[in-house]
Amino acid sequence: MRITQGTFSFLPDLTDDQIVAQVEYCLNNNWAIGVEYTDDPHPRSFLWEMWGNPMFDLRDAAGVMMEVRACRKAVPDHYIRINAFDSSRGFETVRLSFIVNRPKVEPTFKYTRTEVAGRTVNITMTTEF
Amino acid sequence: MSTTIVAKGEAPPPAPPTSDTPPASIDLAEDFRESGVAEVLAQLDRELVGLKPVKQRIRETAALLLVDRARKRMGLTQTTPTLHMSFTGNPGTGKTTVALRMADLLFRLGYVRKGHLVSVTRDDLVGQYIGHTAPKTKDVLKKAMGGVLFIDEAYYLYRPDNERDYGQEAIEILLQVMENQRDDLVVILAGYADRMDRFYQSNPGFRSRIAHHIDFPDYEDGELLAIADTMLTEQNYRLDAGAREAMTQYIALRRAQPHFANARSIRNALDRARLRQANRLFESTAGAVDKEALSTIVAADIRASRVFSGGLDSERRSPS
């Protein structure tokens with residue numbers, strides 16, 4: 001199942017040139033860039049693994065692409081996303097987050113319904129790899 | 001580490017047209033005017049005293065890059081030329097300033113995308129424990145992407161006396177990026193001529209990846225006096241006739257003493273002269289001082305320097 005999380009996720013996958021253009025936009029806004037990856041895209045698992053520290057004071061997207069390529073090489077079959085952090089309000093706020101790598105076969109989600117007291121039904125969602 | 005952002009022209013550099021059909025002819029003179037290279041070269045001439053061979057080399061490099069760009073547009077060449085450079089010369093001969101202009105030049109010609117200069121030394125690249133160096137070096141490289149990385153006193157990266165020195169790791173990462181990401185950044189290595197030569201001999205990888213070697217000569221006495229004048233004018237000071245005479249003698253004496261650093265020595269001397277001038281005004285003038293007195297440095301301000309009494313105390317005592 002195609003995961004739709006973050007910006008641009010309903011569009012076809014971004015090409016590297018398109019990723020560069022988006023990163024350039026972020027850098028022009030003085031946002032810091034972080035690269036993160038995970039194998040479990042469960043919506044409740046919003047904390048992904050960090051690929052190194054977020055990058056501050058970059059001037060050009062080539063530096064970010066260096067890390068994205070290194071991350072793709074290390075974990076080719078994982079989700080990788082780019083987060084852009086805006087610090088203008090005194091704390092690092094995510095302003096843009098988009099997926100730049102997907103596994104070849106994407107996992108699906110399975111719903112388990114549990115009847116509890118009265119007519120209440122609890123729904124649990126689990127990732128099916 | 002310091003990042004210096006060079007002032008950019010109003011318009012971004014005219015990118016080579018991406019159309020499939022190459023133009024039939026290119027007017028190099030027109031290209032020269034439009035790219036703003038002339039402006040950078042004129043600025044270089046105006047702001048830097050002397051350095052004739054350096055200016056000549058930069059002119060030649062600019063011409064080469066301009067022609068290369070024209071050839072690329074005509075479809076005669078596909079590859080990016082190697083732009084990594086080596087600046088050798090004694091301290092205070094203007095290597096950092098020229099590197100800044102070079103970044104501007106490369107930006108205007110479209111060889112670097114952002115045109116900023118990141119100036120680093122060994123401490124910014126090499127870590128203190130295992131596993132510390134690679135992230136540190138990569139961090140600097142990422143910041144320099146799209147601009148120029150200026151490594152001052154680059155020979156400190158290589159310490160042959162300690163084979164486990166982490167500098168070697170930084171060198172390897174640098175070499176790899178210099179080779180594989182030539183489009184993304186330009187590296188300038190700088191330092192004393194003799195030590196850089198030894199550095200290149202022990203690291204042939206660097207020698208082969210650097211196309212442009214520029215040697216910075218020491219300044220003549222007259223040039224140093226002109227530099228002193230420029231520095232003072234920028235701060236709205238001036239030397240009176242006696243002070244100019246004293247300064248001329250100061251330069252000749254200072255050159256013979258240890259740790260002479262060309263323009264940097266002059267700047268330090270002037271800073272101290274300003275201090276003495278301030279003290280003199282404070283102690284000797286009763287009542288109001290005029291603009292003239294506040295901006296004039298007299299002979300006494302310069303002649304009080306230790307250079308006239310044979311150098312620093314510590315060095316005078318030493319037997320050499």
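Before reading further, recall that the structure is shown in the block above.
Now for a look at the structure at hand. (Residues numbered from 1 in each chain as written. Chains lettered and ligands numbered in written order. Predicted model: local features only at pLDDT ≥ 70, side-chain atom pairs only at ≥ 80, totals over all residues.)

The next thing to look at is the interface of chain B and chain A. The partner chain A presents eight residues to the 11 residues of chain B that form the contact. For the side of chain B that touches chain A, a count of residues per class yields one nonpolar, five polar and five charged. (Contact = placed C-beta atoms within 7 Å. Nonpolar A, V, L, I, M, F, W, Y, C, P; charged D, E, K, R; others polar.)

Once that is clear, we can look at the pairing of strand E6 (residues 121-128) of chain A. One face of the sheet, then the other: side chains in a regular strand alternate in exactly this way. Residue and element names in this part refer to chain A. For E6, the tally of buried residues reaches only zero of eight residues, placing the bulk of the element at the surface. Of the pairings in the sheet, the one linking strand E5 (residues 108-115) to E6 comprises eight bridges and is antiparallel in character. Each bridged residue has a counterpart across the sheet, and for Arg113 the counterpart in E6 is Ile123. Once E5 ends, the chain turns through five residues before running back antiparallel as E6, passing Gly118 with a positive phi of about 65°. (Buried ≥ 20, exposed ≤ 12 C-beta atoms within 10 Å, placed from the backbone. Helix = DSSP H or I, 4+ residues; strand = E, 2+ residues; numbered from the N terminus. Pairing = 2+ DSSP bridges.)

Counting along an α-helix, one turn takes 3.6 residues, and residues three or four places apart therefore face a common direction. Counted at 1.5 Å a residue, the expected span for helix H2 (residues 61-74) of chain A with its 14 residues is 20 Å, and the 20 Å between its end C-alpha atoms agrees. Within H2 of chain A, the full set of buried residues consists of Ala61, Ala62, Gly63, Val64, Val68 and Cys71 of chain A. Where the residues of H2 of chain A are buried, they touch helix H1 (16-28), strand E1 (32-38), strand E3 (79-86) and strand E4 (93-101) of chain A together with helix H6 (133-144) of chain B. (Expected span 1.5 Å × (residues − 1).)

Right, let's get into the sheet that holds E3 of chain A. All names here are of chain A. With respect to topology, four strands assemble into an open sheet ordered E2-E1-E3-E4, the strand pairing being antiparallel. Edge positions in the sheet fall to strand E2 (49-50) and E4, since each of these pairs with one other strand and no more. With seven bridges joining them, E3 and E4 adopt antiparallel strand pairing. Bridge pairing in E4 links Ala84 to Leu96.

Before going further, it helps to examine unusual backbone geometry. The backbone of Leu51 of chain B sits at a positive phi, close to 55°, despite the residue not being glycine. Assignment of secondary structure puts Leu51 of chain B in the loop between helix H2 (37-47) and helix H3 (52-74).

As a further point, take the environment of Gly131 of chain B. All names here are of chain B. Here Gly131 is to be found in the loop between helix H5 (122-125) and H6. The exposure class assigned to Gly131 is exposed, which follows from the 10 C-beta atoms found within 10 Å. Separated by 35 residues in sequence, Gly131 and Tyr166 have C-alpha atoms that sit 9.2 Å apart.

All names here are of chain B. Across the five residues of strand E2 (residues 85-89), five count as buried, placing the element largely inside the fold. Taking every second residue as pointing to the same face, both faces of E2 are buried, with Met85, Phe87 and Gly89 on one and Ser86 and Thr88 on the other. Pairing analysis gives four bridges linking E2 to strand E5 (residues 186-191), with the strands arranged parallel. Across the sheet, Met85 pairs through a bridge with Ile188, a residue of E5. In this sheet, strand E6 (residues 212-216) lies alongside E2 in parallel orientation, the contact comprising five bridges. The residue of E6 that forms the bridge with Gly89 is Phe216.

All names here are of chain B. Ranked by internal contacts, the top residues of the largest apolar core, which has 76 residues, are Ala99, Leu106, Val148, Leu149 and Ile188. A per-element tally of this core places helix H4 (residues 95-108) first, with eight residues. Setting aside residues up to four positions removed in sequence, Leu106 forms contacts with Leu83, Tyr111, Val112, Gly115, Val148 and Val186. (Core = buried A, V, L, I, M, F, W, Y, C linked by C-beta atoms within 7 Å.)

Residue and element names in this part refer to chain B. Put simply, H6 and helix H7 (residues 167-180) touch, their axes get as near as 9 Å, and they point 35° apart. As for the relative orientation of H6 and H7, their crossing is right-handed in sense. On H7, the residues that touch Thr133, Ala134, Thr137, Lys138 and Leu141 of H6 are Glu169, Ala170, Ile173, Leu174 and Val177. Counted by class, the contact of H6 with H7 contains six nonpolar, two polar and two charged residues. (Axes fitted to C-alpha atoms, helices over the stretch in contact; angles between N-to-C directions. Left-handed = near helix turned anticlockwise from the far one by under 90°.)

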